[in-house]
Amino acid sequence: MRSVRQILDGKDTPLVTVGPDEPVLDALRRMAETSVGAVMVMEHGNLVGIFTERDYARKVVLQGRSSATTPVRDIMTSPVQTVTPEHRARECMQLMSDHRFRHLPVVEHGTVMGVISIGDLLKTVIADQQNEISQLQSYIAS
Ligand code: AMP
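Just so you know, these numbers come straight off a predicted model, no measurement behind them.

Participant: How would you summarise a nonpolar patch on the surface if you had to cite specific residues and measurements?
Facilitator: Taken together, the side chains of Leu136, Tyr139 and Ile140 present a nonpolar region at the surface, about 400 Å² in accessible area. Within the secondary structure layout, Ile140 lies in helix α6 (residues 118-141). Take Ile140: its relative accessible area is 68%, and that puts it in the exposed class.

Participant: For the side chain of Ser3, give the residues involved together with the corresponding values.
Facilitator: Considering the arrangement of structural elements, one finds Ser3 in the segment before α1 (4-9). Sequence-distant contacts of Ser3, defined by excluding residues within four places in its chain, comprise Pro85, His87 and Arg88.

Participant: Can you break down the site of the ligand residue by residue, with the values?
Facilitator: Around the ligand sit 13 residues in total, of which Asp55, Thr77, Gln81, Arg102 and His103 are the nearest. The separation between an oxygen atom of the ligand and a polar side-chain atom of Thr52 is 2.8 Å. Measuring from an oxygen atom of the ligand, one finds a side-chain N or O atom of Thr77 at 2.6 Å. Of all the elements in the fold, those that place two or more residues in the shell around the ligand are β3 (46-52), α3 (53-61) and β4 (103-108). Sort the elements by how many residues they give to the shell around the ligand and β4 lands first, with three residues. Across the shell around the ligand, the residue classes tally to six nonpolar, four polar and three charged.

Participant: Please provide a residue-by-residue account of the sheet that holds β3, values included.
Facilitator: One open sheet holds the three strands; their spatial order is β1-β2-β3, and the pairing between them is mixed. Sheet topology places β1 (17-18) and β3 at the edges, where each strand pairs with a single neighbour. The pairing of strand β2 (residues 38-43) with β3 spans six bridges and is classified as antiparallel. Bridge assignment links Ala38 to a residue of β3, and that residue is Thr52. Contacts from helix α2 (residues 24-34) reach β1, β2 and β3, with the element oriented near 80° to β3.

Basis of the calculations
Residues numbered from 1 in each chain as written. Predicted model: local features only at pLDDT ≥ 70, side-chain atom pairs only at ≥ 80, totals over all residues. Heavy atoms only, no water. Patch = residues over 30% accessible without salt bridge, like charges linked within 9 Å, V, L, I, M, F, W, Y side chains within 5 Å. Areas by Shrake-Rupley, 256 points an atom, 1.4 Å probe, with all protein chains shown as cover. Salt bridge = Lys/Arg side-chain N within 4 Å of Asp/Glu carboxyl O. Helix = DSSP H or I, 4+ residues; strand = E, 2+ residues; numbered from the N terminus. Buried < 20%, exposed > 50% of the residue type's maximum accessible area, 1.4 Å probe, protein only. Contact = heavy atoms within 4.5 Å. Near = heavy atom within 4 Å. Polar contact = N/O pair within 3.5 Å; in protein donor to acceptor, adjacent residues only side chain to side chain. Nonpolar A, V, L, I, M, F, W, Y, C, P; charged D, E, K, R; others polar. Pairing = 2+ DSSP bridges. Axes fitted to C-alpha atoms, helices over the stretch in contact; angles between N-to-C directions.

Next comes the structure, spelled out in structure tokens:
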């Protein structure tokens, strides 16, 4: 199965970030503009948290907070579980399943290189299986 580096190389989604003191509304706007479900919360170049649509639903809407005045810091999840480009897709799926989340930032030498989502992993698994089927079909036909 593919490595995280290979998956990231095949993606053109930009890294979407927000500062911890910015309002949740700004984070939501950025997520909508870029069609992503999670933003990385960065402070002084460091990854300090993650904010996803699920955090908005559970910690803002359900708790009656205002997205215009609540800073991302108050509802982000920290610390963040990360992977390196050397991790394999299977390991990422295991982490997501164990922790019940759908996003994994990829960090190399302290720099956030991108984010792997459960959708990216699904696409990888389907492509790998399709390859395997094609190889078996040509083997049977030969
Ligand atoms: P998600 O399923 O990715 O929308 O996230 C579900 C919950 O887990 C939310 O509270 C997120 O902030 C949190 N979360 C998502 N990804 C991570 C991660 N890589 N490390 C830590 N928490 C995360």
